[in-house]
Amino acid sequence: AFNRSYWYILGLHVLYASVFFPFRSTFAIGYFENVKGLTNAEASVSNSWVFFTAVFATPFFGFLADRYGRRATMMLFGTLLMTTTLLVLSLTHWPLWISTAMMGISFAVVPGVIWPSTTMLVEQRLLGTALGLITVIQNLALTGANIGAGWLLDHFHAGRDNPAGYTPMMLFFGAISLAALASVVALWRRER
């Protein structure tokens, strides 16, 4: 009942959320404190740039999608930006507001482009089932990503005394981000 594009979108939803939400809601503050040397207050301000940026970027992407289409291209951009954000965060000493603002721009693609695209790909009579399926699989993936990242941090003794212990977690999120990129490339090729 669902076409191939829907399954690519589902994969993108699930994989994208499995990077963004666990990192931002569970692990970012500790990473900023222990790896980047910020206080809890500074880490919280840095983390807030994600959502502050998304306030402006989300309607912008929504407008672009409505005006020009090219949704798969925008999804490709957002997913590439997520992968780039993880690289910048892990490998540079740039001010954190840069990488968190990048992640906010990347995140803005989700409500501005990905969610509406899902509703465009599915027959009206199956929309509840389609969105419900995405939510179920996404929540299972979020559960697994949180457990997996937490296990990696414990296993590699990540903390203030061992900032290198965060590297496996960042590689884990990077691998998920690359899988999301593969999903969106497949969608982009199909839609072209």
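The coordinates are above.
Anyway, here's the lowdown on the structure attached to this text. (Residues numbered from 1 in each chain as written. Predicted model: local features only at pLDDT ≥ 70, side-chain atom pairs only at ≥ 80, totals over all residues. Heavy atoms only, no water.)

## As for the overall build of the chain
Now for step 1: When helices and strands are counted, the chain shows 6 helices and 0 strands.
Now for step 2: Ordered by position from N to C terminus, the α and β elements of the chain give α-α-α-α-α-α.
Now for step 3: Over its C-alpha atoms the chain spans a radius of gyration of 17 Å, differing by no more than 12% from the 16 Å that the globule rule assigns to 192 residues.
Now for step 4: A principal-axis box enclosing the C-alpha atoms of the chain has dimensions of 55 × 30 × 25 Å.
Now for step 5: Taking all 192 residues of the chain together, 50% fall into the buried category.
Now for step 6: In the chain, 77% of the contacts between residues at least 6 apart in sequence involve partners at least 24 apart.
Now for step 7: Here the chain displays about 9700 Å² of accessible surface, and carbon together with sulfur accounts for 66% of that area.
Now for step 8: Computed over 11 positive and 7 negative side-chain charges, the separation of the two mean positions in the chain equals 16 Å. (Helix = DSSP H or I, 4+ residues; strand = E, 2+ residues; numbered from the N terminus. Rg over C-alpha atoms; globule rule 2.2 N^0.38 Å. Buried < 20%, exposed > 50% of the residue type's maximum accessible area, 1.4 Å probe, protein only. Contact = heavy atoms within 4.5 Å. Areas by Shrake-Rupley, 256 points an atom, 1.4 Å probe, with all protein chains shown as cover. Lys, Arg positive; Asp, Glu negative; His and termini not counted. Charge placed at Lys NZ, Arg CZ, Asp CG, Glu CD.)

## Focus: the pattern of salt bridges
A pair can form between side chains of opposite charge whenever their charged atoms are brought close.
Now for step 1: One pass over the structure, following the stated rule, counts 2 salt bridges.
Now for step 2: A salt bridge links Asp66 to Arg71, with the shortest nitrogen-to-oxygen separation between them at 3.5 Å.
Now for step 3: Residue class for Asp66 comes out exposed when judged on its relative accessible area of 66%.
Now for step 4: Given a relative accessible area of 19%, Arg71 falls into the buried group.
Now for step 5: Taking the shortest distance from any N to any O, the salt bridge between Glu123 and Arg125 comes out at 2.9 Å. (Salt bridge = Lys/Arg side-chain N within 4 Å of Asp/Glu carboxyl O.)

## Thoughts on the packing of helix H3 (residues 71–91) against helix H6 (residues 167–191)
Now for step 1: As a packed pair, H3 and H6 sit with axes 9 Å apart at the nearest point and diverge in direction by 160°. Classed by the angle they form, the pair H3 and H6 counts as roughly antiparallel. The handedness of the crossing between H3 and H6 is left-handed. Of H6, the residues touching H3 (which contributes Ala72, Thr73, Met75, Leu76, Thr79, Leu80, Met82, Thr83, Leu86, Leu89 and Ser90) are Met170, Phe173, Gly174, Ser177, Leu178, Ala180, Leu181, Val184, Val185, Leu187, Trp188 and Glu191.
Now for step 2: Across the contact of H3 with H6, the residue classes break down as 16 nonpolar, 6 polar and 1 charged. (Axes fitted to C-alpha atoms, helices over the stretch in contact; angles between N-to-C directions. Parallel < 35°, antiparallel > 145°, perpendicular 65-115°, else oblique. Left-handed = near helix turned anticlockwise from the far one by under 90°. Nonpolar A, V, L, I, M, F, W, Y, C, P; charged D, E, K, R; others polar.)

## With respect to the nonpolar core
Now for step 1: Phe23, Tyr31, Phe32, Met75, Met169 and Phe173 are the most contacted members of the largest nonpolar core, which has 43 residues in total.
Now for step 2: At the level of secondary structure, the elements contributing two or more residues to this core comprise helix H1 (4–34), helix H2 (40–68), H3, helix H4 (96–121), helix H5 (127–155) and H6.
Now for step 3: In terms of residue count, the dominant contributor to this core is H1 (10 residues).
Now for step 4: Phe23 has contacts with Ala28, Tyr31, Leu89, Met103, Met169, Met170 and Phe173, leaving out every residue within four places of it along the chain.
Now for step 5: With 9 residues, the next largest nonpolar core counts Phe2, Leu10, Val122 and Ile134 among its residues. (Core = buried A, V, L, I, M, F, W, Y, C linked by side-chain atoms within 4.5 Å.)

## Here's the deal with the side chain of Arg71
Now for step 1: Residue position: Arg71 is located in helix H3.
Now for step 2: Engagement of the side chain of Arg71 in a polar contact is seen with the side chain of Asp66, the distance being 3.5 Å.
Now for step 3: Those residues in contact with Arg71 that sit more than four places away from it in its chain are Ala65, Asp66, Val113, Ser117 and Met120. (Polar contact = N/O pair within 3.5 Å; in protein donor to acceptor, adjacent residues only side chain to side chain.)

## Thoughts on the environment of Leu133
Now for step 1: If you trace the backbone, Leu133 turns up in helix H5.
Now for step 2: Take Leu133: its relative accessible area is 28%, and that puts it in the partly exposed class.
Now for step 3: Sequence separation of Leu133 and Lys36 is 97 residues, and the distance between their C-alpha atoms is 38 Å.

## A short note on the packing of aromatic side chains
Now for step 1: Under the defined criterion, the tally for this structure stands at 18 aromatic pairs.
Now for step 2: Where Tyr31 meets Tyr166, the ring centres are 5.6 Å apart and the plane angle is 75°; that geometry is what we call edge-to-face. Separated by 135 residues along the polypeptide, Tyr31 in helix H1 and Tyr166 in the loop between H5 and H6 bring together distant segments of the chain.
Now for step 3: The buried category is assigned to Tyr31, whose relative accessible area is 3%.
Now for step 4: With a centroid separation of 5.6 Å and an interplanar angle of 90°, the aromatic rings of Trp49 and Phe52 are classed as edge-to-face. Taken together, the residues span about one helical turn, with Trp49 and Phe52 both in helix H2 at a distance of 3 residues. (Phe/Tyr/Trp six-rings, centres within 6.5 Å; stacked < 30°, edge-to-face > 60°.)

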